[in-house]
Amino acid sequence: MLEQLAQEAQNLTRQYFGRTMSLYAPLYLSNHCANQCVYCGFHASLDIPRRKLSEAEIDAECQALARTGIQSVLLLTGESRKYTPPEYLATAIKIAKEYFASLALEVYPLETEEYARLNAAGCDGVTLFQETYDQERYKILHPAGKKRDYAYRYQAPRRIAQGGMRQITLGVLLGLADWRQDILALYAHLRSLEKEFPGVDYALSFPRLREAYDYKEKDYLVDDADLVKIICVTRLLFPRIGINLSTRESAAFRNRAVHFGVTKISAGSSTAVGGYALPDSETRSVQDAPQFAVNDERSLAEVKAMLGRQGFDPVRTDWRCLAK
Ligand code: SF4
């Protein structure tokens, strides 16, 4: 039924989003991490160069990224309260908001009042993945660190909403467990949040596991046809929700997937700390150890050109906060 699903998903997406495609880019602030996720190239036991951007470096990164034309940015760190406490995140947001219209964070789970403070500093949204909803697999995949606390992470989107954030992105990392169970659990999580916090703008993301250093488990990998199915079914069940697709996916896959329900794609991305400003001898070693390999290396201009050829209107931002 894939063709039928794709056609229906396309119809619904056109109905609610027209032919627009939002664009964003990630900006990595730090790769310090206290967790041990066995599938990640940043995990705490790995002997890789670690770096956290200073205020001046954040400013330089923002300048370099803003020059490309990006207006919607996701600020990321590894999950380390010690190296990147909420105060550091607030400072980064205040610097970045001078350059960008819309800012979201992807960091460790926080308390409600901390989310409220970051919202007041100028952050609009938060991305937080449960990674997998299979609690047995979760324990195996997260052997140490605060992330091992499944319930604390599961409850974080409630705290994000209570903290006043406008936008919340949830997701699973496909490839860690049985995707059918994970996707159903993700939908249930989202439905419960929609009921409790109907005013929030929700989005879903389905990154697929790519080979990271030595994580070789292949039992749960998701192929292209199944990923298309996930995107289409999500659109059918949640007609108005945002669906994000990152540069983990290949250019060829993204060129096709934009027709089935995706509404936001990253472009011109670097997944290394300091990856946008001109590399110097200090940042080069960190840039050589990104969190995951980018699979679509096209620049923002190239992605915009691809969208234009396919009849889409690229949107750099659909949100600008005038109140702060
Ligand atoms: S997935 Fe996130 S929390 Fe886990 S090791 Fe990587 S950076 Fe740290």
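Rules used throughout
- Residues numbered from 1 in each chain as written.
- Predicted model: local features only at pLDDT ≥ 70, side-chain atom pairs only at ≥ 80, totals over all residues.
- Heavy atoms only, no water.
- Near = heavy atom within 4 Å.
- Nonpolar A, V, L, I, M, F, W, Y, C, P; charged D, E, K, R; others polar.
- Phe/Tyr/Trp six-rings, centres within 6.5 Å; stacked < 30°, edge-to-face > 60°.
- Helix = DSSP H or I, 4+ residues; strand = E, 2+ residues; numbered from the N terminus.
- Buried < 20%, exposed > 50% of the residue type's maximum accessible area, 1.4 Å probe, protein only.
- Lys NZ or Arg CZ within 6 Å of the ring centre and 35° of its normal.
- Pairing = 2+ DSSP bridges.
- Right-handed = clockwise from strand over helix to strand, strands pointing away.
- Arc of directions from axis to C-beta.

A.B. asks: Run through the site of the ligand, naming residues and quoting values.
C.D. replies: Around the ligand, a shell composed of 10 residues is seen, among which Cys33, Asn35, Cys37, Cys40 and Glu79 lie nearest. Residue composition of the shell around the ligand, by class: 4 nonpolar, 4 polar and 2 charged.

A.B. asks: Explain the packing of aromatic side chains to me, using residue names and the numbers behind them.
C.D. replies: Applying the stated criterion across every chain, the model contains 6 aromatic pairs. Here the aromatic rings of Tyr138 and Tyr150 are separated by 5.0 Å at their centres, their planes lie at 85°, and the arrangement is edge-to-face. Linking Tyr138 in helix α5 (residues 135-141) with Tyr150 in helix α6 (residues 150-162), this pair joins segments that are 12 residues apart in sequence. No difference in accessibility class separates Tyr138 from Tyr150, as the two residues are buried. Of the aromatic side chains, those joined through ring pairs into one cluster are Tyr133, Tyr138, Tyr150 and Tyr154. Sitting above the plane of the Tyr152 ring, Lys146 keeps its charged end 4.2 Å from the centroid. Note that Arg159 overlies the ring of Tyr152, its terminal NZ or CZ placed 3.9 Å from the centroid.

A.B. asks: How would you explain the pairing of strand β5 (residues 167-172) if you had to name every residue and give the values?
C.D. replies: The buried fraction of β5 is high, at 6 of 6 residues. Where strand β4 (residues 125-131) and β5 come together, 6 bridges link them in parallel fashion. If you follow Glu131 over to β5, its bridge partner there is Val172. Sheet topology places β5 next to strand β6 (residues 201-205); 5 bridges connect them, and they run parallel. Bridge pairing in β6 links Leu170 to Leu204.

A.B. asks: Give a description of the pairing of strand β7 (residues 242-245) that names residues and reports values.
C.D. replies: Burial along β7 is two-sided: the residues Gly242 and Asn244 and Ile243 and Leu245 are all buried. Both β6 and β7 contribute to a ladder of 3 bridges, which runs parallel. Residue pairing across strands places Leu204 opposite Ile243, the latter belonging to β7. Tracing the backbone out of β7, into helix α9 (residues 251-257) and back to the parallel element strand β8 (residues 264-266) gives a crossover that is right-handed.

A.B. asks: Run through helix α4 (residues 112-121), naming residues and quoting values.
C.D. replies: Within α4, the full set of buried residues consists of Glu114, Tyr115, Leu118, Asn119 and Ala121. Summarising the axial view, the buried residues of α4 lie within an arc of 155°, below the 170-degree limit, and thus occupy one face. Backbone geometry just after α4 places Gly122 at a positive phi near 125°.

These figures capture arrangement, not role.
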